[in-house]
Amino acid sequence: MMKLPVYLDNHSTTPVDKRVVEAMLPYFTEHFGNAASRHHSFGWQAEVAVEHARKVLARSVNAEPKEIIFTSGATEANNLALKGIAESLRGKGRHIITSKTEHRSVLDVCGVLEKSGYRVTVVDVDRYGIVHPETIREAMTDETILVSVMMANNEIGTLAPISEIGRLCLERGVLLHTDATQSLGKIPIDVQALNIHLMSMSAHKIYGPKGVGALYVRAQNPRVQLTQQMDGGGHERGMRSGTMNVPAIVGFGVAVEIACEEMTKESVRVGGLRDRLEKMLLSVDSASRNGHPSNRLYNNLNVTFPYVRADGLMAKLKKDAAFSSGSACSSADLEAGHASHVLTAIGVDEDAARNTIRIGLGRFTTQEEIDFAGAKIVEAVNNIRSQSPQYAIENKEKNHGAVVS
Ligand SMILES: *Cc1c(COP(=O)(O)O)cnc(C)c1O
């Protein structure tokens, strides 16, 4: 039996895989120790578990365990990376480059840094959401200390040319940070080959628990020095004080392991379902896709239905399917009455942005669900349009002059 509503908002968060829950459970009860307690077996057990997860996570991106700092999520990792580098390299330069389609937790941190005397260049992206390395090269000055470009966008799924940007940063002696929250476990990541210096990750986007993430910080060639943003007991080599969330870290490790093991198989299966849904949705008159046609996450689908407000569509379908408008992550955009900053950046006008939905398929999405949700969305779009006087007037010819009352 299919459970309703069908969950299609996996860019926002994912259910925890049962295998992950199983692995976490003992660390709430029997193995509840504090990983920083060095004097008894409770502490040791917890530490062993944390170090195992660290090793798994490091290996999955071709890093060393000591290069992983566990955090409360990608928001914290982004804060630590940007503020930590800005502070530690203050004497070297005060210019940071990022892009218009970054997650709020990068853009807002850049805003804060600007207020404390840094200069930030936010480069444009093209109509597919791609950040061109050339625009970054042009923005670079002798003062530039850091470039922050996300690996995959959380709204339109577009993948950045990180390898080229990495080469450019290497050439110019500038550090590269990437927010890999949406790409971890979905595409192969090799921090060495890509010349990445810092990388943010999160567990709850890959079927792990909420409230845990990590920052990769390169230890060699060059050794990246970061100023900690959380002071206290000196956990995580002083980089992030606070008692470690052992069950969550254990879960993160298992989630990464599963995601990497199943990566190829899942990209084919889920990618196939996404293409199937895309075909259904794009068959609607004047519907269009946002993002790159092929160079994007296999589970992403972002579609504009002219004349159909996303909030109205979501409300109409609330019992059938759960997805989001432009961006659920940046409710700040919505509250401020703005359209999604990502859609605006790729040239979608404010009105079209309001008629846009974002769908994120996932590990537990089935073909039955896709066929059901796809049909419901198409039906609802047509239904809303049939009651829209504006649609009737502007599409008179298409509809053979039939004006719906
Ligand atoms: C979800 C998300 C974040 C925030 O991650 P949290 O772990 O929820 O703080 C940051 N960046 C991107 C690209 C995301 O998709």
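See the structure above.
Now for a description of the structure that goes with this document. (Residues numbered from 1 in each chain as written. Predicted model: local features only at pLDDT ≥ 70, side-chain atom pairs only at ≥ 80, totals over all residues. Heavy atoms only, no water.)

**Considering the site of the ligand**
Taken together, 13 residues form the shell around the ligand, and within it T75, D179, Q182, S202 and K205 come nearest. For the ligand, an oxygen atom lies 2.6 Å from a polar atom in the side chain of T75. Separating a nitrogen atom of the ligand from a side-chain N or O atom of D179 is a distance of 2.6 Å. Contact with the protein chains hides 89% of the accessible area of the ligand, taken as 380 Å² for the molecule alone. For the shell around the ligand, the residue count by class is two nonpolar, nine polar and two charged. (Near = heavy atom within 4 Å. Polar contact = N/O pair within 3.5 Å; in protein donor to acceptor, adjacent residues only side chain to side chain. Areas by Shrake-Rupley, 256 points an atom, 1.4 Å probe, with all protein chains shown as cover. Nonpolar A, V, L, I, M, F, W, Y, C, P; charged D, E, K, R; others polar.)

**Topic: the sheet that holds strand β3 (residues 95-99)**
Reading across from one edge, β2-β8-β7-β6-β5-β3-β4 is the order of the seven strands in this open sheet, with mixed pairing throughout. Edge positions in the open sheet fall to β2 (68-71) and β4 (119-123), since each of these has one partner strand only. If you compare each strand with its neighbour and ignore which way they point, the axes differ by 20 degrees on average. As defined by bridge partners, strand β6 (residues 175-179) adjoins strand β7 (residues 198-202) across three bridges and the pair is classed as parallel. Paired with D179 across the bridge in β7 is S200. Lying on the sheet, helix α4 (residues 104-115) is in contact with β3, β4, β5 (144-148) and β6; it crosses β3 at an angle near 155 degrees. (Pairing = 2+ DSSP bridges. Helix = DSSP H or I, 4+ residues; strand = E, 2+ residues; numbered from the N terminus. Axes fitted to C-alpha atoms, helices over the stretch in contact; angles between N-to-C directions. Contact = heavy atoms within 4.5 Å.)

**Some thoughts on α4**
The terminal C-alpha atoms of α4 lie 16 Å apart, and with 12 residues this matches the ideal 16 Å at 1.5 Å per residue to within 8%. Among all positions in α4, only S105, V106, L107, V109, C110 and L113 are buried. Where the residues of α4 are buried, they touch α3 (74-88), β3, β4, β5, β6 and α11 (341-345). In the segment just after α4, G117 is the residue with positive phi, at about 100 degrees. (Expected span 1.5 Å × (residues − 1). Buried < 20%, exposed > 50% of the residue type's maximum accessible area, 1.4 Å probe, protein only.)

**Brief notes about the nonpolar core**
In summary, soluble globular proteins display a tendency toward joint burial of nonpolar side chains. One finds F70, I136, V147, M199 and F252 to be the most contacted residues of the largest nonpolar core, which totals 63 residues. Per-element accounting of this core gives the leading share, nine residues, to helix α7 (residues 246-261). In this structure, this core is formed jointly by two domains, domain 1 (6-12 + 263-404) and domain 2 (18-257), each of which donates at least three residues. Setting aside residues no more than four positions away along its own chain, M199 makes contact with V61, M151, H177, T178, A180, I189, V191, A214, L215 and Y216. Counting residues in hydrophobic clusters, the runner-up holds 29 residues, among them L281, A287, F323 and L361. (Core = buried A, V, L, I, M, F, W, Y, C linked by side-chain atoms within 4.5 Å. Domains from an automatic or database assignment.)

**Quick word on the pattern of salt bridges**
Under the defined criterion, the tally for this structure stands at 20 salt bridges. D9 is the salt-bridge partner of R358, the closest N and O atoms lying 3.3 Å from each other. Here R358 is found in strand β13 (residues 356-360), whereas its partner D9 is found in the loop between β1 (6-7) and α1 (18-24), with 349 residues between them in sequence. The exposure classification of R358 matches that of D9, with both residues buried. Several salt bridges share partner residues, and in doing so they unite D17, R19, E262 and R363 into one network. (Salt bridge = Lys/Arg side-chain N within 4 Å of Asp/Glu carboxyl O.)

**Quick look at the packing of aromatic side chains**
Tallying each qualifying case throughout the model produces four aromatic pairs. Ring plane angle 65 degrees and centroid distance 6.4 Å describe the contact between F70 and F252, whose orientation is recorded as edge-to-face. Residue F70 is found in strand β2, and its partner F252 is found in helix α7; the two are separated by 182 residues along the sequence. Across the pair, exposure class does not vary: F70 and F252 are buried alike. Between Y207 and F364, the ring centres sit 5.7 Å apart and the planes meet at 90 degrees, which makes this aromatic pair edge-to-face. Note that Y207 is positioned in the loop between β7 and β8 (213-217) and F364 in the loop between β13 and α13 (367-386), a separation of 157 residues in sequence. (Phe/Tyr/Trp six-rings, centres within 6.5 Å; stacked < 30°, edge-to-face > 60°.)

Any link to function would need more than the numbers given here.
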